[in-house]
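Now for the letters of each chain:
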Amino acid sequence: MTRIKRKPEKNKRIQTNILIRMVLSLIITIAINTSLSLLFFHFANVTKWEWLFNFLAYLLTPMFLVIFVITFFSLTRRIVKDLIALEHGLQIISEGNLSYRVAVERQDELGSVALNINRMAEQLEKQIIKEREIEKSKMEMITGISHDLRTPLTSIIGYIELLRTGSFQDKEEYTRFIQNTYNKAVHLKKLLDDLFEYTRLTSVESRIKLEKIDLSQLLNQLLFEFEPIAQENSVHLVKGFSDLPVFTLIDSEKVARAIDNLLMNALKYSYKPGSIYIRMTTNCEHISIEIENKGTPLTRDQEKRLFDRFYKVDHSRNSEGIQTGAGLGLSIARNIAELHEGTLTLKHTNDVFTFQLRLPFKED
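Residues numbered from 1 in each chain as written. Predicted model: local features only at pLDDT ≥ 70, side-chain atom pairs only at ≥ 80, totals over all residues. Heavy atoms only, no water.

## Considering the overall build of the protein
For the protein, the helix and strand inventory stands at nine helices and seven strands. Within the protein, the proportion of its 364 residues that are buried is 35%. Sequence-distant contacts in the protein: of pairs separated by 6 or more residues, those separated by 24 or more amount to 70%. Here the protein has roughly 23500 Å² of accessible surface; of this, 58% comes from carbon and sulfur atoms. (Helix = DSSP H or I, 4+ residues; strand = E, 2+ residues; numbered from the N terminus. Buried < 20%, exposed > 50% of the residue type's maximum accessible area, 1.4 Å probe, protein only. Contact = heavy atoms within 4.5 Å. Areas by Shrake-Rupley, 256 points an atom, 1.4 Å probe, with all protein chains shown as cover.)

## Examining the pattern of salt bridges
This model, assessed by the stated rule, comprises eight salt bridges. Two residues, E122 and K126, come together in a salt bridge whose shortest N-O distance is 3.5 Å. You can see E122 and its partner K126 sitting in helix 4 (residues 109–164), four residues apart, about one turn around the helix. Owing to a relative accessible area of 49%, K126 belongs among the partly exposed residues under this scheme. In this structure, E161 engages R164 in a salt bridge whose closest nitrogen and oxygen atoms are separated by 2.8 Å. In this pair, E161 and R164 both sit in helix 4, three residues apart, roughly one turn of the helix. Relative accessible area serves as the criterion here: at 35%, E161 is assigned to the partly exposed category. Since its relative accessible area comes to 61%, R164 is described here as exposed. (Salt bridge = Lys/Arg side-chain N within 4 Å of Asp/Glu carboxyl O.)

## Topic: the packing of aromatic side chains
Here the distance between the centres and the angle between the planes together describe a pair of aromatic rings. Tallied over the full model, the rule gives one aromatic pair. Ring centres 5.7 Å apart and planes at 50 degrees place the aromatic pair Y159 and F177 in the tilted group. Of this pair, Y159 sits in helix 4 while F177 is found in helix 5 (residues 171–202), placing the two residues 18 residues apart along the sequence. The aromatic ring of F241 is capped on one face by K239, whose charged end is 5.0 Å from the ring centroid. (Phe/Tyr/Trp six-rings, centres within 6.5 Å; stacked < 30°, edge-to-face > 60°. Lys NZ or Arg CZ within 6 Å of the ring centre and 35° of its normal.)

## Focus: the sheet that holds strand 5 (residues 286–294)
Read from one edge to the other, the open sheet built from five strands follows the order 2-4-5-7-6, with strand pairing classed as mixed. Across the chains shown, the open sheet's two edge strands, defined by having one partner strand only, are strand 2 (235–240) and strand 6 (343–349). Each strand of the sheet is rotated relative to its neighbour by a mean of 15 degrees, with strand direction disregarded. Helix 9 (residues 329–339) contacts strand 6 and strand 7 (352–360) of the sheet and is inclined by roughly 130 degrees relative to strand 6. (Pairing = 2+ DSSP bridges. Axes fitted to C-alpha atoms, helices over the stretch in contact; angles between N-to-C directions.)

## Overview of the packing of helix 6 (residues 215–232) against helix 7 (residues 252–268)
The geometry of a pair of packed helices is captured by two quantities: the angle between their axes and the separation between those axes. Where helix 6 meets helix 7, the closest approach of the two axes is 11 Å, and the angle between their N-to-C directions is 35 degrees. Of the two possible hands of crossing, helix 6 and helix 7 adopt the one that is right-handed. For the pair helix 6 and helix 7, contact is made by L215, L218, L219, L222, L223, F226, I229 and A230 and by S252, V255, A256, I259, D260, L263, M264 and L267, respectively. Each residue belonging to the contact of helix 6 with helix 7 can be placed in one class, and the counts come to 14 nonpolar, one polar and one charged. (Left-handed = near helix turned anticlockwise from the far one by under 90°. Nonpolar A, V, L, I, M, F, W, Y, C, P; charged D, E, K, R; others polar.)

## Remarks on the pairing of strand 7
With seven of nine residues buried, strand 7 is to be regarded as a mostly interior element. Of the strand pairs in this sheet, strand 5 and strand 7 are connected by nine bridges, and their pairing is antiparallel. In the strand pairing of strand 7, E292 is matched with T354. Two strands pair when backbone bridges link them, and strand 6 and strand 7 are joined in this way by seven bridges, in the antiparallel orientation.

## Brief notes about unusual backbone geometry
Residue P273 is reached from K272 by a cis peptide bond, and omega for that bond is -5 degrees. Following the sequence through the fold, P273 ends up in the loop between helix 7 and strand 4 (274–282). Even without being a glycine, S234 presents a positive backbone phi close to 60 degrees. Relative to the helices and strands, S234 is located in the loop between helix 6 and strand 2.

Structure, rendered in structure tokens:
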């Protein structure tokens with residue numbers, strides 16, 4: 001209602017502004033015209049030139065109009081100048097110079113127009129920058145996908161070529177080639193699954209299927225399945241929560257994927273031998289799952305980019321026995337948390353990393 005009332009007031013104000021200048025021009029014109037007429041009459045009386053009286057009758061109206069136009073243009077010169085400045089600014093911006101800003105020196109409607117032009121240019125500039133970043137991100141994504149998929153695929157082709165040409169010495173080497181080919185194929189499938197999952201989670205149509213799940217039981221099951229690979233890499237899992245049921249509404253498949261990604265990330269970048277601590281706390285509003293490990297400290301830039309898609313920390317920090325992913329694990333986990341209206345954050349102090357997955361506590 002407030003905005004609806006203000007618009008007529010603004011229109012009335014600018015109309016009043018122009019009307020005042022017209023009235024002033026009229027008053028000044030009448031004064032000048034009267035003064036000049038009296039001067040001409042006086043001069044005609046003194047000189048006794050009767051033809052001057054006849055000439056003055058034809059001269060009064062044109063003289064009045066000329067004086068009025070000159071006076072009106074003089075009084076509205078500032079407005080005309082500001083309008084020309086607005087037109088000039090729009091022309092510069094339309095030619096592609098989005099960094100140009102129109103000078104705002106008025107507090108009336110023309111000032112509002114200048115502000116809106118500047119706001120429009122600023123929004124367009126931000127939009128173009130955003131589109132360039134998106135385009136750059138797409139190119140980086142294509143490059144990252146190409147690199148990550150080419151490595152295992154090249155290995156698979158190499159092993160198949162060795163098997164096809166019979167380039168193996170004995171049954172044991174044949175079995176090893178078969179196993180390596182299988183491992184690379186599984187790795188390739190994992191990369192494609194991560195890419196598909198990320199694309200699905202970031203799509204507009206992404207939905208979650210909420211079910212009442214015992215989160216404590218789900219976490220215990222994930223740790224039970226994760227235990228063998230942790231032992232294989234000399235990492236000990238330390239459970240820091242009770243077995244009491246914690247029922248809440250979540251998409252169990254997606255939350256399990258997020259927790260598994262966090263566990264695998266901790267395993268990759270933990271000191272070997274080392275430990276991974278898993279804790280879960282609840283209150284009336286949230287459920288927090290923390291996964292903590294010790295590893296090589298990150299720089300500030302690395303920590304800032306850790307949740308970016310396709311970002312992978314220096315390969316020197318990777319575990320030798322664990323295949324590298326596409327750099328989507330943490331990004332997928334954060335997207336899953338956000339789909340549940342939760343958060344995923346990192347607390348990094350020296351060599352201690354604590355990822356906290358925070359989900360809203362919904363019983364119904």
